[in-house]
Each structure stands twice: as structure tokens, then as C-alpha cells.
Amino acid sequence: MTTPPFTDPKIRNVQTPSTPYGDNHVTSLSQPVPREAVHKRKINCNGFVRNDGLYDIEAELTDHKTYAFPSDFRGTVTPDLPVHHMILRVTINKERVIQNAEAITITGPYAICPSATKVFHNLVGLQIGSGWRRKVRAAIGGRHGCTHIT
């Protein structure tokens, strides 16, 4: 049994362009010169509305190399093992003021890497808006922080 296509008499059947910028909008980069992939970074961010009216923003970062390399701390890091793997959650209110912040470093290149998450509580009370990057660097950056999780 086949389902007929959805039709709604209130919505006109109009031809839409392939992008919001029109059919002639460029949608791919130029052809690259021959090259070899050496690094892959993946950042995934998700937003949630909580039952208590607050919002959670969660992010996960992973870095992989395409080749094995020696690490004084971890031994040989192979392409299937992330160089960095970090997860964070920031809880904000409707005014974009941070109510809670937590982060974990699952893997990093150095033994000290997980200690950078201990300063994440310094984000509580900051408001997301103008000057945000500067405020974050002041709160969790520098010698007690981590470039990747900041």
C-alpha cells in the first residue's frame, strides 16, 4: 500500500529554489589540489529545553590523527584513538546567564589535561552576549585552562 503525498489546501504548491539564496548559489568549494588527510576534528553541539524552564547546551569535541604517533603519556596513539575527547554542559536561563557548567576530559595528550575542567565552575554567573569570548578566556583560560575546551 502506498501513501499519497501530503497535501494541505492552505499551503500553495510552489517551486522552491535549491537553496534559500536561489538556484545559482554556489554550494561547494573549488576542487582542492592533491593532498593527504592528517587531522579530523568533530564538534557536535546540541541544545535542550529542560522541564524546569532552563536550557542545557551540550558539546562534544573529538580530534583524531590519520596516523599513529608516540606519546610519552599514552604510548602509541593510533588513528582509532582520539587525541582529544571532551564533553561539556552549560545550563543557562532565559536571560542567557550561566546557572551551571561542567566538563570532562575523557582523553587528552597529557596527564594534566583533565585538571582543566576544575575551573569550569568559574563560568557560573556569566551572561552570554557581548564580550563573551573575552569573559570565557578570563574565567577558564590561561594556565589553569585548556585551549581545546575553552
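Above: the structure in question.
Conventions and cut-offs
Residues numbered from 1 in each chain as written. Predicted model: local features only at pLDDT ≥ 70, side-chain atom pairs only at ≥ 80, totals over all residues. Heavy atoms only, no water. Helix = DSSP H or I, 4+ residues; strand = E, 2+ residues; numbered from the N terminus. Areas by Shrake-Rupley, 256 points an atom, 1.4 Å probe, with all protein chains shown as cover. Buried < 20%, exposed > 50% of the residue type's maximum accessible area, 1.4 Å probe, protein only. Pairing = 2+ DSSP bridges. Salt bridge = Lys/Arg side-chain N within 4 Å of Asp/Glu carboxyl O. Contact = heavy atoms within 4.5 Å. Axes fitted to C-alpha atoms, helices over the stretch in contact; angles between N-to-C directions.

Re the overall build of the chain
Looking only at helices and strands, the chain features 1 helix and 6 strands. Starting at the N terminus and ending at the C terminus, the chain contains elements arranged as β-β-β-β-β-β-α. Roughly 11,600 Å² of accessible area belongs to the chain as shown, and the carbon and sulfur atoms make up 54% of that amount.

Points about the pairing of strand 5 (residues 84-92)
Counting buried residues along strand 5, 7 of its 9 residues qualify, which places the element largely inside the surrounding structure. Sheet topology note: the strand 2 (residues 55-65)/strand 5 ladder contains 9 bridges and is antiparallel. Note on strand 5: the bridge partner recorded for I57 is V90. Where strand 5 and strand 6 (residues 98-107) come together, 8 bridges link them in antiparallel fashion. Among the inter-strand pairings, L88 is bridged to a residue of strand 6, identified as A103. The turn joining strand 5 and strand 6, which pair antiparallel and follow one another in sequence, is formed by 5 residues; a positive phi near 70° is taken by R96.

Focus: the pattern of salt bridges
Once their charged atoms are close, side chains differing in charge can pair, the charge on each being opposite to the other. The tally for this structure, following the rule as stated, stands at 5 salt bridges. The partner of D52 in a salt bridge is R50, and the shortest N-O contact between them spans 2.5 Å. Exposure remark for R50: the relative accessible area of 29% places this residue in the partly exposed category. Measuring nitrogen to oxygen at the nearest pair gives 3.0 Å for the salt bridge that ties R89 to E102.

A few points about the environment of V124
Within the element layout of this structure, V124 appears in the loop between strand 6 and helix 1 (132-140). V124 gets classed as partly exposed once you look at its relative accessible area, which sits at 41%. For the pair V124 and I92, spaced 32 residues apart in sequence, the C-alpha separation works out to 9.0 Å. Discounting residues that sit within four places of it in the chain, V124 has contacts with I98, Q99, N100 and A101.

Observations regarding the sheet that holds strand 2
Taken in spatial order, the 4 strands of this open sheet run 1-2-5-6, and their pairing is antiparallel. Taken across any chain shown, the strands that pair with only one partner, and hence form the sheet edges, are strand 1 (39-49) and strand 6. The mean angle between the axes of side-by-side strands here comes to 10°, regardless of whether they run parallel or antiparallel.

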